[in-house]
Amino acid sequence: MIKTGLKFDAALPDPYNAVNWREAYRSEKSDKPRNASYQAPGGETVNFIQESFKFSGGQALDTAEYPFGGLWSVERLNEKPQALTVTGFLRGIDYINRRNTLIEALRVRTDDENPGFIDLPFWGRFPVVVQSYDIDEKTQDQGQCGISITFTRAGATVNERFTSLSNAKTQMDNAAANLKSAAIGDFVKKLNNLIDIQTLMAGFGKIKSILASIVGNIQAAQTTLNVITAEINGITSLIAQGIRSPGEFASALFNAAASIVAGLSEIKNSVESYTNLSEGSASAYSPPQSNSEKKAVLLFLSAKKYKIDVPAATVAQQNTKSAMENLYKTAALFAASQIITEMDISYQKTSTYWNLLQELELSIDKEDSAVYTSVEDLRIAISIFLSSRTLNTEAIKQFPAPLPLLYIAQYLGCDEAKLRELNSIADSFIVTGDVVYV
């Protein structure tokens, strides 16, 4: 079973009594009314009289408006952080001492890892981060002071999110490996008693050409390209040797797809190494820019409509052709899902790739139970992985007058390389118009 790895739960805490509000206020008639209280991390509980409480939440939305009567589209980005505002009083002969104790408690640092706790009679106990507080004293109301405190409910810690991300990556790798195994097994079963060898060889020749065209769009060192090409040529070798085993052809296809994924990862790591080296030197040159990941993933995602251009006059030819088309779509899903999780892109682009990935998944024949399960597990693992990442939302700023890219980068607080990635910038000294940034 796929698990998120996050302990955080945004659900409401258990109330003292959800059936009878009077018993939530006091368990027995003889008991004193239950007060509200705040407890700083590792501190003592400070009680106060609650006057009102406001709980707010909602959804962060991406609303797109279209011209010429195109109306609008609304997409949910995330659940908004829950905000809690409580007002009340401190009263009594010793209220000054309790007021100061409360203020000192509110001054204690709080965060997701070390939250404070607000306890309310009708709501229960919330882990919270202090946002702001006000103490209101009036000369005519001696012996008491008003208090108003605003909290943000504590969320998932950075460490939890990092652990979840690592766990999700492992789960995704395992799901991808299971998909490979299930797809190869399904392919062998489909062609077990109904196969046309000539169609098989011709079809994998076409698939090899598709993979070669993907590699042709990758910018990398020749040594890296040679390694990827060698794996792809493994399909050609099987054809040349007259191999007739569907399992070997299927394995060669997935190995070739995996080599493209590994090659893109190696390219990315080498670019990051170049960037770190440049930052530590006096070089004025930017690291080489490449959109190899984008090109490769889009080519794989386009496999949802893939058809092999080979004759299929007989039942055996049609079955062989159909099985190969489905196998390539599955291999494309196998590769695209891993590439997407390695890409450093914004929420909007991730959402676009996710939608295309789902369309590719829907095009795959999942009649085999092992294939169905492995595709489901892969989708869940990718979803968990992407939701665990911090994805920035793109924004647009218009610059009516031409400005240098470096000035715009400093003004927007966005890395120069990221601006180049998000915008088609031909001249670094003359940038004008709408600039997309994160």
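Quick caveat: nothing in here was measured; it's all calculated off a predicted structure.

### Some thoughts on the overall build of the protein
Secondary structure summary: the protein contains 12 helices and 10 strands in total. Here the protein holds 438 residues, and 38% of them are scored as buried. For the protein, restricting intrachain contacts to residue pairs at least 6 apart in sequence, the fraction spanning at least 24 positions comes to 73%. As displayed, the protein has an accessible area near 24200 Å², and 51% of this comes from carbon and sulfur atoms.

### Some thoughts on the nonpolar core
Counting 69 residues, the largest nonpolar core has Phe187, Phe204, Ile207, Leu211, Ile260, Phe300 and Tyr328 as the members making the most contacts within it. Of all the elements in the fold, those that place two or more residues in this core are helix H3 (158-190), helix H4 (197-216), helix H5 (222-240), helix H6 (246-279), helix H7 (292-301), helix H8 (315-342), helix H9 (347-362) and helix H10 (369-388). Examining the composition of this core, we find that 12 residues originate from one element, H8, more than from any other. In this structure, Val46, Cys145, Ile147 and Ile149 belong to the second largest nonpolar core, which totals 22 residues.

### Thoughts on the sheet that holds strand E7 (residues 124-136)
Taking strand neighbours around the barrel as the criterion, the 6 strands line up as E1-E2-E5-E8-E7-E6 in a closed arrangement whose pairing is antiparallel. Neighbour to neighbour, the strand axes of the sheet diverge by 45 degrees on average, direction disregarded. Here strand E2 (residues 45-56) runs beside strand E5 (residues 83-91); their pairing, made up of 7 bridges, is antiparallel. Of the residues in E5, the one forming a bridge with phenylalanine 55 is leucine 84.

### Quick look at the environment of isoleucine 149
With respect to the element layout, isoleucine 149 can be found in strand E8 (residues 144-153). For isoleucine 149, a relative accessible area of 0% puts it in the buried group. Along the primary structure isoleucine 149 and phenylalanine 53 are separated by 96 residues, whereas in three dimensions their C-alpha atoms are 9.7 Å apart. Contact partners of isoleucine 149, with chain neighbours within four places excluded, come to Leu84, Thr85, Val86, Leu106, Ser132 and Tyr133.

### Observations regarding the environment of tyrosine 347
Looking at where tyrosine 347 falls in the secondary structure, it is placed in helix H9. Linking tyrosine 347 and leucine 386, residues 39 residues apart in sequence, is a C-alpha distance of 9.4 Å.

### Points about the pattern of salt bridges
For the coordinates displayed, the defined rule picks out 11 salt bridges. Notably, a salt bridge pairs glutamate 325 with lysine 321, separated by 3.8 Å at the nearest N-O pair. With glutamate 325 and lysine 321 both in helix H8 and 4 residues apart, the pair spans about one turn of that helix. An identical accessibility class is assigned to glutamate 325 and lysine 321; each is buried. Residues glutamate 376 and arginine 379 are paired through a salt bridge, measuring 2.1 Å at the closest nitrogen-oxygen approach. Taken together, the residues glutamate 376 and arginine 379, both in helix H10 and 3 residues apart, mark about one turn of the helix. Among the residues examined, arginine 379 registers a relative accessible area of 22% and is labelled partly exposed. Beyond isolated ion pairs, a larger network of salt bridges with shared partners links Asp186, Lys190 and Asp365.

### What to know about the environment of glutamine 198
One can find glutamine 198 in helix H4. Considering only alpha carbons, one finds glutamine 198 and arginine 244, 46 residues apart in sequence, at a separation of 9.4 Å.

### Some remarks on the packing of H8 against H9
For the pair H8 and H9, interaxial distance at closest approach is 10 Å and the crossing angle is 160 degrees. Taken together, the axes of H8 and H9 are roughly antiparallel relative to one another. In terms of crossing hand, the pair formed by H8 and H9 is left-handed. Of the residues in H9, those in contact with Lys329, Ala332, Leu333, Ala336, Ser337 and Ile340 of H8 are Tyr353, Leu357, Leu360 and Glu361. A per-class count over the contact of H8 with H9 returns 7 nonpolar, 1 polar and 2 charged.

### A short note on H9
Helix length check: H9 (16 residues) gives 22 Å between terminal C-alpha atoms against 22 Å at 1.5 Å per residue, within 8%. Of the residues making up H9, those classed as buried are Tyr347, Gln348, Thr350, Ser351, Tyr353, Trp354, Leu357, Leu360 and Glu361.

### Describing the packing of aromatic side chains
Inspection of the entire model under this criterion finds 11 aromatic pairs. Aromatic pair phenylalanine 53 and tryptophan 123: ring centres 5.1 Å apart, planes at 65 degrees, arrangement edge-to-face. In this pair, phenylalanine 53 is assigned in strand E2 and tryptophan 123 in the loop between strand E6 (116-120) and E7, connecting sequence segments 70 residues apart. Exposure remark for phenylalanine 53: the relative accessible area of 18% places this residue in the buried category. Ring geometry for tryptophan 123 versus phenylalanine 126: centroids 6.3 Å apart, planes at 45 degrees, classification tilted.

### Let's talk about a nonpolar patch on the surface
On the surface, Leu61, Leu71, Trp72 and Val74 cluster together into a nonpolar patch covering about 450 Å² of accessible area. As for its position among the elements, valine 74 is in strand E4 (residues 72-79). By relative accessible area, which is 47% here, valine 74 ends up partly exposed.

### A short note on the confidence of the model for the protein
The predicted model of the protein has a mean per-residue pLDDT of 83, with 86% of residues at 70 or higher. Taken together, the stretch residues 273-289 has pLDDT below 50 and engages in 10 contacts with residues farther than four places along the chain or on a different chain.

### Remarks on the pairing of E6
The buried fraction of E6 is high, at 4 of 5 residues. Two elements, strand E1 (residues 36-39) and E6, share 3 bridges in a ladder whose sense is antiparallel. Across the sheet, tyrosine 38 pairs through a bridge with isoleucine 118, a residue of E6. Taken together, the 5 bridges between E6 and E7 define a ladder with antiparallel strand orientation. Residue pairing in the sheet places isoleucine 118 in a bridge with phenylalanine 126 of E7. Here E6 folds back onto E7 in antiparallel fashion, the turn holding 3 residues.

About the thresholds
- Residues numbered from 1 in each chain as written.
- Predicted model: local features only at pLDDT ≥ 70, side-chain atom pairs only at ≥ 80, totals over all residues.
- Heavy atoms only, no water.
- Helix = DSSP H or I, 4+ residues; strand = E, 2+ residues; numbered from the N terminus.
- Buried < 20%, exposed > 50% of the residue type's maximum accessible area, 1.4 Å probe, protein only.
- Contact = heavy atoms within 4.5 Å.
- Areas by Shrake-Rupley, 256 points an atom, 1.4 Å probe, with all protein chains shown as cover.
- Core = buried A, V, L, I, M, F, W, Y, C linked by side-chain atoms within 4.5 Å.
- Pairing = 2+ DSSP bridges.
- Axes fitted to C-alpha atoms, helices over the stretch in contact; angles between N-to-C directions.
- Salt bridge = Lys/Arg side-chain N within 4 Å of Asp/Glu carboxyl O.
- Parallel < 35°, antiparallel > 145°, perpendicular 65-115°, else oblique.
- Left-handed = near helix turned anticlockwise from the far one by under 90°.
- Nonpolar A, V, L, I, M, F, W, Y, C, P; charged D, E, K, R; others polar.
- Expected span 1.5 Å × (residues − 1).
- Phe/Tyr/Trp six-rings, centres within 6.5 Å; stacked < 30°, edge-to-face > 60°.
- Patch = residues over 30% accessible without salt bridge, like charges linked within 9 Å, V, L, I, M, F, W, Y side chains within 5 Å.
- pLDDT = per-residue confidence, 0-100.

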